[in-house]
Every structure is written in structure tokens, then in C-alpha cells.
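Overview (structure and organization)
Each chain, letter by letter, is given below.
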Amino acid sequence: QAQLVESGGGSVQAGGSLKLSCAASGYIFTSCGMGWYRQAPGKERELVSSISRDGIIRYADSVKGRFTISQDNAKMTLYVQMNSLKTEDTAVYYCAAECPRASYWGQGTQVTVSS
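Residues numbered from 1 in each chain as written. Predicted model: local features only at pLDDT ≥ 70, side-chain atom pairs only at ≥ 80, totals over all residues. Heavy atoms only, no water.

1. A closer look at the pairing of strand E8 (residues 77-82)
Note the following rule: Summary of the burial criterion: residues with accessible area below 20% of their type's maximum are buried, those above 50% are exposed, and those between are partly exposed, where the area comes from a 1.4 Å probe applied to protein chains only. The numbering of helices and of strands both runs from the N terminus, where a helix is a DSSP run of H or I of at least 4 residues and a strand a run of E of at least 2. Pairing between two strands requires that DSSP report at least two bridges joining them.
For E8, the buried fraction is high: five of the six residues fall into the buried class. Both strand E3 (residues 18-24) and E8 contribute to a ladder of six bridges, which runs antiparallel. Bridging from a neighbouring strand, Cys 22 pairs with Leu 78 of E8. Between strand E7 (residues 67-72) and E8, which pair antiparallel and follow one another directly, the connecting turn spans four residues, one of which, Met 76, has a positive phi of 50°.

Next up, the structure:
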């Protein structure tokens with residue numbers, strides 16, 4: 001059964017960095033596009049960054065130049081390196097996989113950026 005498990009969230013001051021990891025099981029890395037989403041209190045869930053099955057990378061305008069998505073296929077792990085964090089980056093971050101027959105979501109990890 002496909003499963004996604006995020007880690008690496010926490011609290012950091014503005015300007016700091018965090019790196020989130022998403023460990024995937026099953027066939028996800030060979031068959032699915034993957035990405036990071038976030039949801040702040042009172043707001044809708046939004047795309048942060050994604051890697052398609054073809055390796056095309058996308059970033060939300062709000063994180064371009066600050067966040068970097070990457071993946072280690074051997075470890076079946078997706079990462080997002082988040083630098084120059086801002087208070088508005090505070091949210092629950094979710095790992096997601098878009099597969100041919102289904103979509104999968106992790107449980108989420110909290111990122112809190114204080115001023």
C-alpha cells in the first residue's frame with residue numbers, strides 16, 4: 001500500500017532554514033509525480049513545489065528562489081529545502097503523490113516561522 005511519511009518540520013525564526021523529508025513506500029517513485037503542499041490556518045491548501053513524472057519542477061511564486069525540491073530515488077525520499085523562511089511560510093506542509101490511478105497524501109508536518 002502506498003504511504004507517505006513527512007518529517008523535518010519544526011519552529012524556526014524568520015530567515016532560518018528547514019529541510020522537509022517525505023519517505024515513500026510502494027511504487028510511488030517509479031510511477032508518480034510528487035510534490036509539497038501547505039495549508040495555513042484559515043486558508044486553502046496550496047501547491048508549494050512539485051516534480052512531475054517527467055522531471056519537470058514547479059514552484060509557487062511565493063517560494064521561488066528560497067525553496068528547492070529534490071528527490072533521492074534510491075532512498076525513495078522527496079525533500080524540500082526551505083531557506084530564508086518568512087512568517088507567512090507558517091503552515092502544515094503535506095507531501096503528495098499523483099499516481100495514474102490514485103492520489104496519496106502524507107499526514108502533514110507543522111512548520112512555524114516566528115519573527
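The discussion continues.
2. What about the packing of aromatic side chains?
Just so we agree on the cut-off: Aromatic pairing here means that ring centres of Phe, Tyr or Trp (its six-membered ring) are within 6.5 Å. Orientation follows from the plane angle: under 30 degrees is stacked, over 60 is edge-to-face, and everything else is tilted. Either the NZ atom of lysine or the CZ atom of arginine qualifies as a charge over a ring when it sits within 6 Å of the ring centre and within 35 degrees of the ring normal.
The full count for this structure, using the stated rule, is two aromatic pairs. A ring pair is formed by Tyr 94 and Trp 105, whose centres lie 6.4 Å apart and whose planes are at 80°; its orientation type is edge-to-face. One end of the pair, Tyr 94, is in strand E9 (residues 91-98); the other, Trp 105, is in strand E10 (residues 103-105), with eleven residues separating them in the sequence. The exposure class of Tyr 94 is buried, given its relative accessible area of 14%. One aromatic cluster in this structure is built from Tyr 37, Tyr 94 and Trp 105. Lying across the ring of Tyr 79, Lys 19 places its NZ or CZ 4.6 Å from the centre. The lysine or arginine in question, Arg 45, covers the ring of Tyr 94, its NZ or CZ lying 3.8 Å from the ring centre.

3. Comments concerning the environment of Gly 108
Spelled out, the test is: We call two residues in contact whenever any of their non-hydrogen atoms come within 4.5 Å of each other.
Its location among the elements puts Gly 108 in the loop between E10 and strand E11 (109-114). The buried category is assigned to Gly 108, whose relative accessible area is 15%. Residues Gly 108 and Ala 40, spaced 68 residues apart in sequence, show a C-alpha to C-alpha distance of 12 Å. Excluding residues within four positions of it along the chain, Gly 108 makes contact with Glu 6, Val 92, Tyr 93 and Tyr 94.

Remember that the coordinates give geometry; whether it matters functionally is a separate question.
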